[in-house]
4 protein chains.
Amino acid sequence: MGACPWVATKPAGGLSGRVLNSSRTTDLATGMCPGWHSRDVSDLEDLRHRMRAFTNERDWEQFHDPKSLLLAIVGEVGELSELFQWLPATDASDLAQEDPLKSRVAEEMSDVLLYLVRLADVLGIDLHAAAVAKIEAAGERFAADEVRGTAPAKH
Amino acid sequence: MGACPWVATKPAGGLSGRVLNSSRTTDLATGMCPGWHSRDVSDLEDLRHRMRAFTNERDWEQFHDPKSLLLAIVGEVGELSELFQWLPATDASDLAQEDPLKSRVAEEMSDVLLYLVRLADVLGIDLHAAAVAKIEAAGERFAADEVRGTAPAKH
Amino acid sequence: MGACPWVATKPAGGLSGRVLNSSRTTDLATGMCPGWHSRDVSDLEDLRHRMRAFTNERDWEQFHDPKSLLLAIVGEVGELSELFQWLPATDASDLAQEDPLKSRVAEEMSDVLLYLVRLADVLGIDLHAAAVAKIEAAGERFAADEVRGTAPAKH
Amino acid sequence: MGACPWVATKPAGGLSGRVLNSSRTTDLATGMCPGWHSRDVSDLEDLRHRMRAFTNERDWEQFHDPKSLLLAIVGEVGELSELFQWLPATDASDLAQEDPLKSRVAEEMSDVLLYLVRLADVLGIDLHAAAVAKIEAAGERFAADEVRGTAPAKH
């Protein structure tokens, strides 16, 4: 599985703080990094690592070309849509707070995210960095004072 | 903008390590939390915060009901699909390594992620925890020794 | 159920040919128009009528606002995508010629079409006329001599 | 372009009615079948023929494998979604009655239909027959007396 680049470790010398230590490797039995607990590191890196391990253990890399992964994303977005399609728009948020719908929604959203993370891994895209750049660009494109309270129209 | 729940700070008493300190607030000028650098915290929390701030500054919460956000996700998945639709399946991954396609793909994937994160925020779903639970469930459902090299069929 | 606007009838005076006669009404037992056989009339009108009757008999018009129908379309496109996602791109067409996959594909494509026809009915759009106009516009936009053998790029 | 299998012609012997005559061919200048007027024949057959001709003239069959066409459908559903995403659910139908939105919606719905028809052609699926079978099956599955006024839940 290779390195655990996000592992927090206390470096020699006792300095406080977290450093990246690329020499730490995954545990052979679990595929997880040592000392792992998810809130301590990057969520997207965690999911990327988990999806890569899941795929590798099943020899499924052969199926994960971009167009196939895209169709998988579409499939999961479709399942998510089916959960909401007939709910009244104004009640949908409240209705989705209650189980079993809440759990089902969380599952389908997770599937979308996991395939998206997997596609980013296959393509070598840093999803967090790209998303930060995108929202910053959107912030400049849609100046708050000019668009406040008005939905941007798509043509 | 409110609190920066993920901010790493040195608590009174000088103990090392990171603690959550909900009293720290965002910088008024940048909307960012003090001492912020993205690799130090949860990516998904970061994006959730950014999208919430972006939405709030524009008074766009009124548009962000679940069905509308879902259609926005569909729109972005559609834009992503258009980038890949006519590429030969076997070359798609290589072709997407080169600009301008690489940048466009990263942008559209970012849009999908950002709206997904926003929907999770509206619905009160912890996307990382849900995704970890989902991949662990998938790991049990698809035992590696039974499915190795075989794509699971959907019927 | 109302009128059968597409019914072919021999008008008074005995002229040959088909005319539209909006006074003919559906058969109460079957919901179908008298003398109906599908290849004699417009397919899309037929489906529009059937979906309208299906919806009306169940009092489901209340659920068929545009955004809900759109999410239903997305759901069915998702189910269709799941049937193809892991198939090798070059074999997909051949594999989809064999049952049970062939029947499943036909079912999901039908669902997409039926919801699309229903959305067009709700919005008062003549889907056939619009599609003819669109393909004619595409024919002008993409001059055959200029684009032959080259997929149009989307940016 | 080839034959016009749907052309209505008066067969030798003078019997009234319409017959299929596969020897009639398209007009070289227009690509249309002689005596064509759309309401006289099957809409879906008409669109299938037009899309086949459009594709053939551009030598684009090479791009129209099922997974690519599916992504094209997804792209167009995405464009359609973007037109509706921020509209209030209860006003969407009225707002879509007015130009320029009405025309844009008709265009995007047409694109979805055209790619769907093209996919059916590639796969050898009779979309009208399949859709009729599907809605009849749905009629049996969802007995009107049992589901009246209640949206079927998806789980």
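Quick note: structure is the one above.
Overview of the structure. (Residues numbered from 1 in each chain as written. Chains lettered and ligands numbered in written order. Predicted model: local features only at pLDDT ≥ 70, side-chain atom pairs only at ≥ 80, totals over all residues. Heavy atoms only, no water.)

What follows deals with the packing of aromatic side chains. Per the stated rule, a full pass over the model turns up 12 aromatic pairs over all chains. Ring centres of Y115(A) and W86(C) lie 6.0 Å apart, and the angle between their planes is 50 degrees; this geometry places the pair in the tilted category. In this pair, Y115(A) sits in helix α4 (residues 101-123) while W86(C) sits in the loop between α2 (66-84) and α3 (92-95), so the two residues belong to two different chains. According to the relative accessible area criterion, Y115(A) is buried, its value standing at 18%. You can call W86(C) buried: its relative accessible area is 12%. The cationic tip of R58(A) hangs over the ring face of F54(A); the distance from NZ or CZ to the ring centre is 3.9 Å. (Phe/Tyr/Trp six-rings, centres within 6.5 Å; stacked < 30°, edge-to-face > 60°. Helix = DSSP H or I, 4+ residues; strand = E, 2+ residues; numbered from the N terminus. Buried < 20%, exposed > 50% of the residue type's maximum accessible area, 1.4 Å probe, protein only. Lys NZ or Arg CZ within 6 Å of the ring centre and 35° of its normal.)

A few words now on the interface of chain C and chain B. With 15 residues of chain C at the interface, the matching set in chain B holds 15 residues. Where chain C abuts chain B, roughly 1,300 Å² becomes buried across the two surfaces, and 69% of that area is made up of carbon and sulfur atoms. Seen at the junction of chain C and chain B, the total is 2 residue pairs in polar contact (both at pLDDT 80 or more). Considering each element in turn, the side of chain C that touches chain B owes the most residues, 7 residues, to α2(C). Tallied by class, the residues present in the side of chain C that touches chain B amount to 8 nonpolar, 3 polar and 4 charged. (Contact = heavy atoms within 4.5 Å. Buried area = accessible area lost by both parts, 1.4 Å probe. Polar contact = N/O pair within 3.5 Å; in protein donor to acceptor, adjacent residues only side chain to side chain. Nonpolar A, V, L, I, M, F, W, Y, C, P; charged D, E, K, R; others polar.)

A few words on the pattern of salt bridges. One pass over the structure, following the stated rule, counts 44 salt bridges over all chains. Two residues, D121(A) and R52(A), come together in a salt bridge whose shortest N-O distance is 2.7 Å. On the criterion of sequence distance, the pair formed by D121(A) in helix α4 and R52(A) in helix α1 (residues 43-57) is long-range, its members being 69 residues apart. We note a salt bridge from K134(A) to D111(B), for which the minimum N-O separation is 2.8 Å. Residue K134(A) is found in helix α5 (residues 127-141), and its partner D111(B) is found in helix α4 (residues 101-123); the two belong to separate chains. (Salt bridge = Lys/Arg side-chain N within 4 Å of Asp/Glu carboxyl O.)

Geometry only, nothing functional implied.
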